[in-house]
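Here are the chains, one letter per residue:
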Amino acid sequence: MLSLERVNAFYGDSHVLHDVSLALSPGRLLALLGRNGAGKSTCMHAVVGFLPPRSGRIRIGERELQGAAPEAICRHGVGFVPQGRRIFPTLTVRENLEVAARRHAPAGGGRRWTREDVQQIFPRLKEREKQLAGSLSGGEQQMLAVGRALMTSPRVLLLDEPSEGLAPQIVRELGNVLADLKKEISILLVEQNLGLAMKLADDVVLLNTGRVVFSGSRDAFEQQQDVLQRHLGVH
Ligand SMILES: Nc1ncnc2c1ncn2[C@@H]1O[C@H](COP(=O)(O)OP(=O)(O)OP(=O)(O)O)[C@@H](O)[C@H]1O
């Protein structure tokens, strides 16, 4: 579905991603893990066109994405929820969803999401549809950010630390929604909350200083205590 093949990315002269390869298969959730500064967000920015890689290939299905503009990458079915949410605070909840709506059928023939679909999985967004997004709670803003990405009718969804700054109860709610969502859409998840990541992940890729140091199933990952300890400081 989504694949990165030996991707190298730089900020100026600083080489941040080193030959990063990963593959997100249809209907699966891949957790991209690593310590602060490991290159997880950079990986997502390379996929969505914010930081085009200097070498390597990024594909969705058969289509190559490296070098394409962010709008085109979104049109080809990559939905992105950035770290920090980035909703429009002065627009209402409903307006936030509507400006993200896709006008044409999604590339690759996937499901076309409507506002009603999004409100069905996040009923809170229906209750608050006339409220300004900037006045929502952190958890509601995160739901809106996910809802906005779904309105682009993506084939894959990239989520950068969705649980950041949320109360444990809200993280649980979000986890339940993502567990349902992954049944119909492939998800690439960057997450510092290891408990949440392990609850949701089918596959794991672990980065350390911009290099892949583990790639495999969640079960294989959890058995590699030395890897967990060395790269995440988990015992
Ligand atoms: N705009 C930028 N310009 C220069 N260097 C950057 C920029 N953004 C990130 N970096 C550097 O690139 C490296 C990877 O950062 P990145 O944000 O991808 O890490 P991360 O794994 O997402 O970390 P975190 O968990 O803290 O968000 C870090 O060394 C970081 O300092």
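About the criteria used
- Residues numbered from 1 in each chain as written.
- Predicted model: local features only at pLDDT ≥ 70, side-chain atom pairs only at ≥ 80, totals over all residues.
- Pairing = 2+ DSSP bridges.
- Helix = DSSP H or I, 4+ residues; strand = E, 2+ residues; numbered from the N terminus.
- Axes fitted to C-alpha atoms, helices over the stretch in contact; angles between N-to-C directions.
- Near = placed C-beta within 6 Å.
- Nonpolar A, V, L, I, M, F, W, Y, C, P; charged D, E, K, R; others polar.
- Contact = placed C-beta atoms within 7 Å.
- Core = buried A, V, L, I, M, F, W, Y, C linked by C-beta atoms within 7 Å.
- Buried ≥ 20, exposed ≤ 12 C-beta atoms within 10 Å, placed from the backbone.
- Parallel < 35°, antiparallel > 145°, perpendicular 65-115°, else oblique.
- Left-handed = near helix turned anticlockwise from the far one by under 90°.

S.K.: Give me the lowdown on the sheet that holds strand β6 (residues 78–81), citing residues and values where you can.
M.R.: Pairing in this open sheet of six strands is mixed, and the strands run β6-β7-β8-β3-β9-β10 from one edge to the other. Only two strands of the sheet have a single partner each, and these edge strands are β6 and β10 (211–217). The average undirected angle you get between the axes of adjacent strands in this sheet is 15 degrees. Direction of pairing for β6 relative to strand β7 (residues 156–160): parallel, over a ladder of four bridges.

S.K.: Talk me through the site of the ligand; I want residue IDs and the actual numbers.
M.R.: Lining the immediate environment of the ligand, one finds Y11, S14, V16, G34, N36, G37, A38, G39, K40, S41 and T42. A per-element tally of the shell around the ligand places helix α1 (residues 40–48) first, with three residues. Residues of the shell around the ligand, tallied by class, amount to three nonpolar, seven polar and one charged.

S.K.: With reference to specific residues and values, describe the sheet that holds strand β2 (residues 14–24).
M.R.: Taken in spatial order, the four strands make up an open sheet running β2-β1-β4-β5, and their pairing is antiparallel. Every other strand in the sheet has two partners, leaving β2 and β5 (63–64) as the edge strands with one partner each. Here α1 sits on the sheet and contacts β1 (2–11), β2 and β4 (55–60); the angle it forms with β2, its principal contact strand, is near 75 degrees.

S.K.: Break down the nonpolar core for me, with residues and values.
M.R.: The biggest cluster of nonpolar side chains holds 65 residues, and the ones touching the most others in it are L30, A31, L32, V156, L158, L188 and L189. Here L158 is in contact with M44, V47, V48, V78, G79, F80, V81 and L188, once residues within four sequence places are set aside.

S.K.: Any details on the packing of helix α3 (residues 93–100) against helix α6 (residues 138–150)? Residues and values, ideally.
M.R.: Contact pair α3 / α6: the axes reach a minimum separation of 8 Å and the direction vectors enclose 25 degrees. As judged from the angle between their axes, α3 and α6 are roughly parallel. Both α3 and α6 take part in a crossing whose hand is right-handed. Contacts from V93, N96, L97 and A100 in α3 reach L144, G147 and R148 in α6. Across the contact of α3 with α6, the residue classes tally to four nonpolar, two polar and one charged.

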